[in-house]
Amino acid sequence: MALPSFWSEARVGILLLSVLSLLSARLVGAGQDSGSVIPAESRPCVDCHAFEFMQRALQDLKKTAYSLDSR
């Protein structure tokens, strides 16, 4: 009996992950109430979220660099 190769196992894993992600996306979309939608004018844009995330990441890096320098 031949052992399955790494690539065949990787393909099965990727396929399983993609199916699970599609199913979870459908469940999340179906679980949202239509009355709880926030209007686009009051929501921050995607770029704003990315900018805030990058700011926090840079602050964390600065703290880490400072703690390494102080050692």
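- Going by the annotation in an unreviewed UniProt entry, the name recorded for the chain is NELL2-interacting cell ontogeny regulator 1, with Vidua macroura given as the source organism.
- In its Sequence similarities (unreviewed entry) section, the UniProt record describing the chain reads: "Belongs to the NICOL family."
- Looking at the chain in UniProt, the text filed under Subcellular location (unreviewed entry) is "Secreted".

**Section: the overall build of the chain**
Line of reasoning, step 1. Helices and strands together make up the secondary structure of the chain, namely 2 helices and 0 strands.
Line of reasoning, step 2. When the 71 residues of the chain are sorted by exposure, 0% land in the buried category.
Line of reasoning, step 3. Summing over all exposed atoms, the chain offers an accessible surface of approximately 7100 Å²; the carbon and sulfur share of this is 67%.

Parameters at a glance
- In this numbering scheme, every chain counts its residues from 1 along its sequence in written order.
- Residue-level local features of this predicted model are given only where pLDDT is at least 70; pairs of side-chain atoms are given and counted only at 80 or more, and the full residue set underlies all totals for whole chains, interfaces and linings.
- As a convention, hydrogens and water are excluded, and side-chain values are obtained from all of the structure's heavy atoms.
- UniProt positions are given in the numbering used here, feature names are shortened, and annotations may be inferred rather than shown by experiment.
- For the purposes of this entry, the term helix denotes a DSSP run of H or I that reaches at least four residues, the term strand denotes a run of E that reaches at least two, and both are numbered from the N terminus.
- Throughout, exposure labels follow a simple rule: accessible area from a 1.4 Å probe, protein chains only, divided by the maximum for the residue type, with under 20% read as buried, over 50% as exposed, and the rest as partly exposed.
- Here the accessible surface of atoms and residues is derived via Shrake-Rupley with a 1.4 Å probe, and residues count as covered only by protein chains that are part of the display.

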